[in-house]
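Residues per chain are reported as follows:
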Amino acid sequence: MIVCVCERVSDRDIERHVRGGCDSFDSLQLETGVATCCGRCEDCAREVFETATGAQGGMAIIPLKIAA
């Protein structure tokens, strides 16, 4: 899926950069340009990045929902 239309960055591109050693969102932005133009993709890009970095560590990040 295309995450950043402006810079044409996909979820697979983000995952590939994480596998290649990219360990911060700031670095990802420098390497790909994701979320540096209009900014509409930033939430999605951060989510994909965090999921990919979590998968690299062997643990998935699962949001906890607390019932009221």
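Note that residues are indexed from 1 along each chain, following the sequence as it is written. Only residues with pLDDT of 70 or above have their local features reported here, since the model is predicted, and side-chain atom pairs are shown and tallied only from 80 upward, although totals for entire chains, interfaces and linings are computed over all residues. Where side-chain values are given, they derive from all heavy atoms of the structure, hydrogens and water being excluded.

1. Describing the pattern of salt bridges
Alright, step 1. Between Lys or Arg on one side and Asp or Glu on the other, a salt bridge is scored when a side-chain nitrogen of the former is within 4 Å of a carboxyl oxygen of the latter. One pass over the structure, following the stated rule, counts 2 salt bridges.
Alright, step 2. Note that D13 and R16 form a salt bridge whose closest N and O atoms lie 2.3 Å from each other. With D13 and R16 both in helix α1 (residues 11-19) and 3 residues apart, the pair spans about one turn of that helix.
Alright, step 3. Of the charged contacts in the structure, one is a salt bridge between E42 and R46, with a shortest N-O distance of 2.9 Å. Labels follow the DSSP assignment, with helices taken as runs of H or I lasting at least four residues and strands as runs of E lasting at least two, numbered in each case from the N terminus.

2. Overview of the packing of aromatic side chains
Alright, step 1. The pairing test for Phe, Tyr and Trp rings, Trp by its six-membered ring, is centres within 6.5 Å, and the orientation test on the planes gives stacked under 30 degrees, edge-to-face over 60, and tilted for anything in between. A full pass over the atoms with the stated rule returns 1 aromatic pair.
Alright, step 2. Ring centres of F25 and F49 lie 6.0 Å apart, and the angle between their planes is 70°; on these two criteria the pair is classed as edge-to-face. A residue pair is termed long-range when its members are at least 10 positions apart, and F25 in helix α2 (residues 25-32) and F49 in helix α3 (residues 42-56) qualify at 24 residues.
Alright, step 3. Judged by relative accessible area, which is 7%, F25 ranks as buried. In this scheme, a residue with accessible area under 20% of its type's maximum is buried, one over 50% is exposed, and one in between is partly exposed, where area comes from a 1.4 Å probe on protein chains only.

3. Quick notes on α2
Alright, step 1. What α2 keeps buried is the set F25, L28, Q29 and T32. The arc that holds every buried residue of α2, seen down its axis, measures 100°, which confines them to one face. Away from its buried face by more than 90 degrees, α2 exposes D26 and L30.
Alright, step 2. Positive backbone phi, at 85°, marks G33, one or two positions downstream of α2. The arc refers to the directions leading from the helix axis to the C-beta atoms.

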